[in-house]
Amino acid sequence: MSADGFTTSPPPGARADWTIDQGWESYSRAEHDVWITLYERQTAMLPGRACDAFLRGLDALDLHRSGIPDFRRINEELARLTGWSVVAVPGLVPDDVFFDHLANRRFPAGQFIRKPDELDYLQEPDIFHDVFGHVPMLTDPVFADYMQAYGQGGQRALELGRLANLARLYWYTVEFGLMQTPQGLRIYGAGIVSSRAESIFALDDPSPNRIGFDLERVMRTPYRIDDFQQAYFVIDSIQTLQAVTLQDFAPIYDRLEGASDIGIAEILPGDTVFTRGTQAYAGAGGRLASARG
Ligand code: HBI
Ligand code: FE
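Structure report, in brief.

The rules we used
- Residues numbered from 1 in each chain as written.
- Chains lettered and ligands numbered in written order.
- Predicted model: local features only at pLDDT ≥ 70, side-chain atom pairs only at ≥ 80, totals over all residues.
- Heavy atoms only, no water.
- Near = heavy atom within 4 Å.
- Polar contact = N/O pair within 3.5 Å; in protein donor to acceptor, adjacent residues only side chain to side chain.
- Areas by Shrake-Rupley, 256 points an atom, 1.4 Å probe, with all protein chains shown as cover.
- Helix = DSSP H or I, 4+ residues; strand = E, 2+ residues; numbered from the N terminus.
- Nonpolar A, V, L, I, M, F, W, Y, C, P; charged D, E, K, R; others polar.
- Donors = N, O, S within 2.8 Å, 3.2 Å for Na, K, Ca; no water.
- Buried < 20%, exposed > 50% of the residue type's maximum accessible area, 1.4 Å probe, protein only.
- Pairing = 2+ DSSP bridges.
- Axes fitted to C-alpha atoms, helices over the stretch in contact; angles between N-to-C directions.

1. Digging into the site of ligand 1
For step 1, the next point in the chain: Around ligand 1, the neighbouring residues are V89, G91, L92, V93, D95, F98, F99, Y150, L163, A167 and Y170.
For step 2, the next point in the chain: Contacts to ligand 1 include G91, whose backbone N or O atom sits 3.1 Å from a nitrogen atom.
For step 3, the next point in the chain: D95 places a side-chain nitrogen or oxygen 2.8 Å from an oxygen atom of ligand 1.
For step 4, the next point in the chain: Contact with the protein chains covers 85% of the free accessible surface of ligand 1, which is 390 Å².
For step 5, the next point in the chain: Where the shell around ligand 1 is concerned, the elements lending two or more residues are α4 (95-103) and α7 (163-175).
For step 6, the next point in the chain: Class assignment of the residues belonging to the shell around ligand 1 gives a composition of 9 nonpolar, 1 polar and 1 charged.

2. With respect to the coordination of the iron ion (ligand 2)
For step 1, the next point in the chain: The protein atoms that coordinate the iron ion (ligand 2) are H129 (NE2), H134 (NE2) and E175 (OE), at distances spanning 1.9 to 2.1 Å.
For step 2, the next point in the chain: All donors of the iron ion (ligand 2) come from a single chain, and their spacing in sequence reads H-x4-H-x40-E. Of the two residues, H129 and H134, neither departs from the other in class, the shared state being buried.

3. Describing the environment of G48
For step 1, the next point in the chain: Note that G48 resides in the loop between α1 (29-45) and α2 (52-61).
For step 2, the next point in the chain: Along the sequence, G48 and T37 sit 11 residues apart, while their C-alpha atoms lie 20 Å from each other.

4. Thoughts on the side chain of T181
For step 1, the next point in the chain: Turning to its location among the elements, T181 is positioned in strand β3 (residues 178-181).
For step 2, the next point in the chain: The exposure class of T181 is buried, given its relative accessible area of 18%.
For step 3, the next point in the chain: In terms of polar contacts, T181 uses its side chain to reach the backbone carbonyl oxygen of G184, at 2.7 Å.

5. Comments concerning the sheet that holds β3
For step 1, the next point in the chain: Strand order in this open sheet of 5 strands is β4-β3-β6-β5-β7, and the pairing throughout is mixed. Edge positions in the sheet fall to β4 (184-187) and β7 (273-275), since each has one partner strand and no second. Direction aside, neighbouring strands of the sheet carry axes that sit 35° apart on average.
For step 2, the next point in the chain: Alignment of strand β5 (residues 209-212) against strand β6 (residues 231-235), held across 4 bridges, turns out to be parallel. When the sheet's bridge partners are listed, I211 is paired in β6 with F233.

Structure, rendered in structure tokens:
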């Protein structure tokens with residue numbers, strides 16, 4: 001048990017809450033260049049794909065074209081807008097640590113950046129996924145409330161042993177969420193918006209299902225951690241997410257107790273279907289198949 005009452009002690013050099021100094025001065029030119037490559041590639045393609053709140057956040061924080069942003073600088077504006085701050089961590093942190101940060105409006109961001117030969121895919125969230133992908137949405141007051149409520153919900157889910165269900169909510173909204181707008185579907189999920197290939201696949205490809213968001217339906221639906229999603233869930237507004245967190249999850253968890261998982265590619269009779277996917281991409285072996293090329 002660490003000093004802050006967390007179940008796992010932090011790695012050497014990290015504080016009890018697993019935070020470390022970003023050490024912005026120590027990033028190399030090559031590391032800044034990786035950020036610039038990714039930043040320019042994504043910002044060139046996101047207008048018309050990312051939702052307005054994301055694009056507004058990108059502008060508000062002025063996430064620099066000139067390289068990896070200094071958390072001290074972006075935190076001044078972020079704190080003014082919604083009271084959030086970005087804190088540096090060495091990588092994935094234990095769930096209880098993660099939820100405690102979110103519940104206190106601190107977003108834990110990986111301090112490292114991917115290598116030039118990993119531009120398109122990496123398993124662990126790096127600073128580009130976390131800061132470019134997640135932080136712009138935290139400038140939106142309603143989404144900022146949702147993320148804090150998610151952290152509080154996570155702490156409760158840990159107490160109730162329902163983390164797996166709650167993790168699906170995070171995955172299908174914060175990481176891979178789509179939003180319906182008068183101009184069509186738009187991206188707000190960090191896992192999509194920080195990936196060039198998935199920013200195209202999630203909106204344009206006929207392979208995945210695109211289904212109207214429903215809390216219990218999402219909590220019963222497994223997800224992919226190794227490849228593009230086989231299903232994306234669509235909210236009609238960010239306010240929908242805030243409404244979700246105003247519910248008491250305990251009765252929902254009770255109903256989920258006896259409920260089976262829904263097949264990852266399945267469409268239910270009660271689903272609002274935006275796209276009945278072909279599942280051709282997943283059926284052909286997905287990324288690994290295309291990587292094998
Ligand atoms: N740690 N740094 C970091 N970033 C995450 O997104 C993260 C994490 N730890 C746990 C976690 N996500 C998920 O297991 C929870 O969302 C359930
Ligand atoms: Fe993430």
